Amino acid sequence: MKEGIHPEYREVVFLDLQTGHKFISRSALASRETTEIDGKSYPLFKCDVTSESHPFYTGAQTRIVETGRVEKFRARFARTSGTVKK
């Protein structure tokens with residue numbers, strides 16, 4: 001590999017802004033902010049959504065009831081099926 005063309009791959013702290021959960025992962029991300037964990041300084045990246053707060057991972061995802069949607073569609077258009085446009 002060529003020297004000096006690759007970004008620095010290092011440990012970075014990711015902060016979930018919704019829950020306040022922090023975790024350390026390796027990344028080439030550049031950040032001006034830093035945070036200290038266990039006496040060591042890490043670059044900090046603030047995330048809006050992570051697996052700690054996303055509804056798909058937390059189980060808070062709402063389910064769409066398909067049968068209710070079909071009945072609503074039929075009820076809405078049952079009234080207009082006999083009308084003729086002039």
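The numbers attached to residues start from 1 for each chain and follow its sequence in the written order. Side-chain atom pairs in this predicted model are given and counted only at pLDDT of 80 or more, local residue features only at pLDDT of at least 70, and totals for whole chains, interfaces and linings cover all residues. Side-chain metrics rest on all non-hydrogen atoms present in the structure, leaving aside hydrogens and water.

**Focus on the pattern of salt bridges**
Argument step 1. Whenever a carboxyl oxygen of Asp or Glu lies within 4 Å of a side-chain nitrogen of Lys or Arg, that contact is scored as a salt bridge. The final tally for this structure, using the stated rule, is three salt bridges.
Argument step 2. One salt bridge connects Arg10 with Glu8, and the closest N-O pair in it is separated by 3.9 Å.
Argument step 3. Its relative accessible area of 54% is what places Glu8 among the exposed residues. Any residue under 20% of the maximum accessible area for its type is buried, any over 50% is exposed, and the rest in between are partly exposed; the area is computed with a 1.4 Å probe on protein chains only.

**A closer look at the sheet that holds strand β1 (residues 10-16)**
Sheet strands line up and pair through hydrogen bonds in the backbone, either parallel or antiparallel.
Argument step 1. For two strands to be treated as a pair, DSSP must find at least two bridges joining them. Every helix listed is a DSSP run of H or I at least four residues long, and every strand listed is a run of E at least two residues long, numbered separately from the N terminus. Spatial strand order, β2-β1-β4-β3: four strands in an open sheet with mixed pairing. Since the sheet does not close on itself, it has two edges, and those belong to β2 (22-27) and β3 (34-37), each with one partner. This sheet shows a mean twist of 45° between the axes of neighbouring strands, independent of strand direction.
Argument step 2. By the bridge criterion, six bridges tie β1 to β2 in an arrangement that is antiparallel. Within the sheet, the bridge partner assigned to Val13 lies in β2 and is Ile24. Every angle, taken between N-to-C directions, lies between 0 and 180 degrees, and every axis is a line fitted to C-alpha atoms, over only the stretch in contact when it is a helix.

**Concerning the pairing of β1**
On a regular strand, each side chain points to the face opposite its neighbour's, so the side chains alternate between the two faces of the sheet.
Argument step 1. Of all seven residues in β1, six are buried, a share of seventy percent or more.
Argument step 2. Linking β1 back to β2 in an antiparallel pair, the connection comprises five residues, with Gly20 at a positive phi of about 80°.
Argument step 3. Bridge analysis of β1 against strand β4 (residues 40-47) gives four bridges, and the strand direction is parallel. By the bridge assignment, Phe14 is partnered in β4 with Phe45.

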